[in-house]
Amino acid sequence: MINVIIRETQNPTILKFEFPDFIANHVNYEFKNIDEAASSPLAQKLFHLPFVKAVYISGNFVAIERYNIVEWDDVKEAVADQINEFVNSGGKVLNAPEQTAQKMPATVYGETTPNPSVLKFVVSRRLTKTALEFKNIDDTTFSPLAKELFKFPFVKEIFIDENYVSVTKYDVSDWSEITLELRTFIKEFIENGGTVVDEDKIVNHPKVEKQKIENFDNLDTTSQQIINILEEYVKPAVAADGGNILFDSYDENEKRVKVVLQGACNGCPSSTFTLKSGIENMLKDMLKDENIKVEAING
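Throughout what follows, the structure given in this document is the object of discussion. (Residues numbered from 1 in each chain as written. Predicted model: local features only at pLDDT ≥ 70, side-chain atom pairs only at ≥ 80, totals over all residues. Heavy atoms only, no water.)

Time to look at the pairing of strand β9 (residues 155–161). In regular strands, side chains alternate between the two faces of the sheet. Within β9, 6 of the 7 residues are buried, which leaves it mostly tucked inside the rest of the structure. Taken together, the 3 bridges between strand β8 (residues 132–134) and β9 define a ladder with antiparallel strand orientation. Its bridge partner lying in β9, Leu132 is registered against Ile160. Where β9 lies against strand β10 (residues 164–169), 6 bridges are found, and the strand directions are antiparallel. The partner of Ile158 across the bridge, within β10, is Val167. Connecting β9 to the antiparallel partner β10 that follows it, the hairpin turn spans 2 residues, and Glu162 within it adopts a positive phi of roughly 45°. (Buried < 20%, exposed > 50% of the residue type's maximum accessible area, 1.4 Å probe, protein only. Helix = DSSP H or I, 4+ residues; strand = E, 2+ residues; numbered from the N terminus. Pairing = 2+ DSSP bridges.)

Structure, rendered in structure tokens:
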């Protein structure tokens, strides 16, 4: 007996109905009307509801976009009941074979970084709105791609931001031996509709990089200035090298700025030089304070 779970999304017009198991294998489906939904008997049934604008099927869920003639609070339970009844009575979510869905072409290429243990895989489309770092497979709750990459024995850490994936390898493998395998896997995963990051799952998650924006106004003036400098001048530069830098704290008495290094920046042989000769000197100059010191709490 299947009972779907109702999940809200960041878009108030779209609601997700999650299944206990995967219903689409690395393929995303988008249907705008009943004619387009020939490959999905469930989607065709849903389009008989007058408020259904679009149906999306991916992973373990069906997402429905509504017209404004109704509110989800008024109909969501009835929709969930209809989905449950349809599936439990033998109705198909998707017709086989799934190959009826078209692949979404993507370009992926590798870039070296200042860190010899890290390679940056740049993708021709946006992957995430939030910078995410994964130290092990247990951290990958909201990134199916990261979870799959950790199944490669040579993958040590993963960092995903904007349109790239930075992979940190163990020293036992050389990039010349594994780059093509990784690039091909990432390309095929994305082209087949695999979810790189589930944006809905990362909201309010404690491990997500949010730069403490909600507490920004409560920080002292110097801390606010430091964050603004890092955001405007430092982050774009380190992102180009496949990394990221986060503000952690500022001690007014010691004039000490603590930051967190992610991706290619973490463990990079040149990170100490970058912190001292680059970021520290920039802060001294822009804050007009020669006593400023910068240190990485994980470097």
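This part is about the sheet that holds strand β12 (residues 256–263). With mixed pairing, 3 strands are arranged side by side in an open sheet as β11-β12-β13. Edge positions in the open sheet fall to β11 (243–251) and β13 (293–296), since each of these has one partner strand only. Neighbour-to-neighbour, the strand axes of the sheet open up by a mean angle of 30°, direction not taken into account. For β11 and β12, the ladder comprises 8 bridges, and the chain directions are antiparallel. Pairing of Asp251 across the sheet is with Arg256, part of β12. (Axes fitted to C-alpha atoms, helices over the stretch in contact; angles between N-to-C directions.)

Once that is clear, we can look at the sheet that holds strand β3 (residues 29–31). The strand order across the open sheet built from 5 strands is β1-β2-β5-β4-β3, with neighbouring strands paired in antiparallel fashion. Strands at the two margins of the open sheet, each flanked by one partner only, are β1 (5–8) and β3. Within the sheet, the average angular offset between the axes of one strand and its neighbour, ignoring direction, is 20°. Inspection of the sheet shows strand β4 (residues 52–58) paired to strand β5 (residues 61–66) by 6 bridges, in the antiparallel sense. Looking across to β5, one finds that Ser58 is bridged to Phe61. Across the face of the sheet, helix α2 (residues 72–88) comes into contact with β1, β2 (14–18) and β5 while running at roughly 30° to β2. (Contact = heavy atoms within 4.5 Å.)

That is the geometry; function is a separate question.
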